[in-house]
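One-letter residues, chain by chain:
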Amino acid sequence: MSAPREARRAEALESFRVRGMPHRRFEHWRYSDLRAVLDAGQVAQAGTAHWQIPEPPAGVELFDLGKDCAPDWVARNLGNVGNRPTMEEASLAFADGGVALRVPRGAQIAKPVRLQVSAAGNLRVLIVLEDDAAMTLFEVHTMDAGLVRNVGVEVALANGARLTHVRCASPSPRSFTIEHIAVEAAANAHYVAHLANFGSRLSRTELHILLQGEGAEAHLSGVTVLGGELHADVTSHIEHAAGKTLSTQLFKHVAGGRSRAVYQGKITVREGANGSDSRQTAKALLMSQRAEADLKPELIIFADDVKCAHGAAVGDLDEDSLFYLRSRGIPEREARKLLIHAFLEEAIAAVDDGALRDHIWQDVESALPRAMEAAK
Amino acid sequence: MMLEIKDLHASVGGKEILKGLTLSMRAGEVHAIMGPNGSGKSTLSYVLAGREGYEVTGGSVTYDGHDLLAMKIEERAAKGVFLAMQYPVEIPGVTTLTFLKTALNAQRRARGEPELDAMNILKFVRQRATALQINEEMLKRALNVGFSGGEKKRLEILQMKLFEPKLAILDETDSGLDIDALKLVAEGVEALRTPERSMLVITHYQRLLNYIVPDRVHVLADGRIVAAGGKELALELEAKGYADVIKVSA
């Protein structure tokens, strides 16, 4: 491994050693007390998770981070996108592998790149899109056993680049799953993410998005469907650092059993980021009295002339609607399901690719029976 | 008898609303229930449809030989009871056509009939929608979302046409309609009159009964039927007002 890469890893290790595991005294880890369930040693000894890209499409440059002699674009970016939060430093320090993808200037990759992540361990993913390049990354997570997975994803978008990032994580009732996604978007770059979460013992998906060039946009949407004792936390921080930047967020959560669904969305509009526009909506449906949803939008504005709107609502299925459907002969369970579908529809419709949308609906379908169970 | 209500008592939130209501209808008959606000008209329709929160504390309801009150909401629908609601709900995220298909097939399944596929459903719905001036664009929209008052009521009547109930209860179907919309809806209902189908038309005003002429009119006041008569009773109520009629019969 090259000297700069080694030096950056050593730095990450030191940073993680000093800061340690995040815990609930940090406001943005309040609903996911990682230190209470996992210690630093368990993360350090987790090894490296598996990744696979079954059919890398033509036009995408791929580098296996487990190998030496990283090309310049990897060495330059790896570990340098974003603000280096502690768990991301841990994944950099402890992962002995991962994958880096680059799309060269102006190339448009039509077919989604499917990245499968499995097994326990740390993992790094680096996505570099050069000027006006476009790609769809479809990240599929499965985890049947193993204690912890900690993934650090970095996304560097040059001027006018467009990444659509669809992430589906199937339920992992026995594991702790953490992913940090750091995005830097230059002028007119678009980052579009859709996160479908089905929970784990503690599932944390954190995004830090820096809209650093004028006209950069971030559009996040997602669904969480949980039952049993599952937990899923989506925490986003979008920083509007340049003028005329736009961000939208739409999250829909369904929580049954004794599960817990968390959404925290922080927006910072930095000084001088005039003409910026941010909107966020988070809604949760509780299917049982023991389920919990925590929705926390947050706005910090240092600029004038900005538009910011946010809304959050937690509720249960509408009794009038349920009665209406049943009075038309639709059995209660089917009626409930139809209403949950209706609730999620808006967020899933945000996914443009029909095949990916179908994949998400299928995952939702398999997660629903558990989410519709009452607490035991 | 298609419907036989005997000494029905029902409460909502612990407060008794129906206080011994008795009424019976034969197959093919159209009965109107008229009454002032708060007399229990909507409570009666919800009790017949089985809505939760409407607690029956006494009496019985026999529908086509079955104990109606023992049946689940969806079971009543599959067995031919249809309630056209005063305020049809809006459900964003479910298209009208998907809703109609789900409901129609759920009823067919409950009756042991084969389900209809998407093509046949569309054909089946289209054939019945035209006369009610419901076009395909409307069927593709989310259920009742952004529909005008008239559109909502027309969609209720379309459902009645599709589900072919044996007993239709129309709860204030005329409310919120202008005269043209009222005429369109009333003609739709009138066209569904058959010797087998009974209809219970609940209304505050007489005007709907100009189009749907009832075989019998009942006056509901304070949870009981206080007067009954032929279609001329509706005109009398319109002329004299509820207060007089209720006073005379009390």
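Residues numbered from 1 in each chain as written. Chains lettered and ligands numbered in written order. Predicted model: local features only at pLDDT ≥ 70, side-chain atom pairs only at ≥ 80, totals over all residues. Heavy atoms only, no water.

(A) Structural detail: the overall build of chain A. When helices and strands are counted, chain A shows eight helices and 18 strands. In summary, chain A has a C-alpha radius of gyration of 20 Å against a globular reference of 21 Å for 376 residues, a match within 12%. On the principal axes, the C-alpha backbone points of chain A span a range of 70 × 45 × 45 Å. Considering only contacts in chain A between residues 6 or more positions apart, those separated by 24 or more positions represent 85%. Of the roughly 14500 Å² that chain A leaves accessible, carbon and sulfur atoms contribute 48%. A gap of 4 Å separates the mean positions of the 42 positive and 49 negative side-chain charges of chain A. (Helix = DSSP H or I, 4+ residues; strand = E, 2+ residues; numbered from the N terminus. Rg over C-alpha atoms; globule rule 2.2 N^0.38 Å. Contact = heavy atoms within 4.5 Å. Areas by Shrake-Rupley, 256 points an atom, 1.4 Å probe, with all protein chains shown as cover. Lys, Arg positive; Asp, Glu negative; His and termini not counted. Charge placed at Lys NZ, Arg CZ, Asp CG, Glu CD.)

(B) Geometry of the overall build of chain B. When helices and strands are counted, chain B shows nine helices and 12 strands. Along the first, second and third principal axes, the C-alpha atoms of chain B reach 55 × 40 × 35 Å. Burial status across chain B gives 54% buried among its 250 residues. Contacts spanning at least 24 positions in sequence make up 69% of the contacts within chain B whose residues lie at least 6 apart. Carbon and sulfur atoms provide 50% of the accessible area of chain B, an area that totals close to 10800 Å². Across chain B, the centroid of the 32 positively charged side chains sits 2 Å from that of the 33 negatively charged ones. (Buried < 20%, exposed > 50% of the residue type's maximum accessible area, 1.4 Å probe, protein only.)

(C) Looking closely at the confidence of the model for chain B. Residue and element names in this part refer to chain B. When the pLDDT values of chain B are averaged, the result is 94; 99% of them are 70 or greater. Model confidence for chain B, summarised as mean pLDDT per element, is weakest for helix 9 (residues 242-249) at 75 and strongest for strand 1 (residues 3-12) at 98. Model confidence for the complex is summarised by a pTM of 0.93, with the ipTM given as 0.96. (pLDDT = per-residue confidence, 0-100.)

(D) The arrangement of the sheet that holds strand 18 (residues 307-315) of chain A in detail. All names here are of chain A. Strand order in the open sheet made by the nine strands is 1-4-6-8-10-12-14-16-18, with mixed pairing throughout. Two strands bound the open sheet, and with one partner strand each, they are strand 1 (50-52) and strand 18. Within this sheet the neighbouring strands show an average axis-to-axis angle of 10°, counted without direction. Pairing analysis gives three bridges linking strand 1 to strand 4 (residues 113-118), with the strands arranged antiparallel. Looking at strand 4, one finds that His 50 is bridged to Ser 118. In the packing of helix 8 (residues 354-371) onto the sheet, contacts are made with strand 4, strand 6 (134-141), strand 8 (162-169), strand 10 (190-197), strand 12 (217-226) and strand 14 (246-255), and the angle to strand 12 comes to roughly 35°. (Pairing = 2+ DSSP bridges. Axes fitted to C-alpha atoms, helices over the stretch in contact; angles between N-to-C directions.)

(E) Inspection of the pattern of salt bridges at higher detail. Scanning the model with the defined rule gives 49 salt bridges over all chains in all. Salt-bridge contacts for A:Arg328 lead to B:Glu156; the nearest nitrogen and oxygen are separated by 2.6 Å. With one member in each of two chains, A:Arg328 in the loop between helix 6 (319-327) and helix 7 (332-348) and B:Glu156 in helix 6 (residues 149-163) form a pair that bridges those chains. Across the pair, exposure class does not vary: A:Arg328 and B:Glu156 are buried alike. Between A:Glu332 and A:Arg336 there is a salt bridge; the shortest N-O distance is 3.2 Å. Of this pair, A:Glu332 and A:Arg336 are both found in helix 7, four residues apart, which corresponds to roughly one turn of the helix. By relative accessible area, A:Glu332 is classed as partly exposed at 27%. Taken together, the shared-partner salt bridges in this structure form one network comprising A:Arg326, A:Glu332, A:Arg336, B:Glu52 and B:Glu74. (Salt bridge = Lys/Arg side-chain N within 4 Å of Asp/Glu carboxyl O.)

(F) Broad picture of the pairing of strand 1 of chain B. Residue and element names in this part refer to chain B. In terms of strand pairing, strand 1 meets strand 2 (residues 15-25) through eight bridges, oriented antiparallel. Within strand 2, the position partnered with Ser 11 by the bridge is Glu 16. Across eight bridges, the pairing between strand 1 and strand 4 (residues 54-63) is antiparallel. Paired with His 9 across the strands is Gly 58, a residue of strand 4.

(G) Inspection of the interface of chain B and chain A at higher detail. Taken together, the contacts link 31 residues of chain B with 18 residues of chain A. Of the roughly 2000 Å² buried between chain B and chain A on both sides combined, carbon and sulfur atoms contribute 63%. Seen at the junction of chain B and chain A, the total is five salt bridges. B:Glu74 is the salt-bridge partner of A:Arg326, the closest N and O atoms lying 2.7 Å from each other. Applying the counting criterion to the chain B and chain A interface returns 11 residue pairs in polar contact (both at pLDDT 80 or more). Going through the elements one at a time, helix 1 (41-49), helix 2 (73-78), strand 6 (81-84), strand 7 (91-95), helix 3 (96-110) and helix 6 of chain B are the ones with two or more residues in the side of chain B that touches chain A. (Buried area = accessible area lost by both parts, 1.4 Å probe. Polar contact = N/O pair within 3.5 Å; in protein donor to acceptor, adjacent residues only side chain to side chain.)

(H) Seen up close, the side chain of B:Glu156. Classification of B:Glu156 by relative accessible area gives buried; the value is 1%. A polar contact of 2.3 Å, which involves the side chain of B:Glu156, links it to the side chain of A:Tyr324. With sequence-adjacent residues up to four places away left out, B:Glu156 is seen in contact with A:Tyr324, A:Arg328, B:Phe82, B:Leu83, B:Ala84, B:Met85 and B:Pro88.

(I) Main features of the environment of A:Gly257. Residue placement: A:Gly257 occurs in the loop between strand 14 and strand 15 (260-269). Remark: the alpha-carbon pair of A:Gly257 and A:Leu286, spanning 29 residues in sequence, is separated by 9.0 Å.

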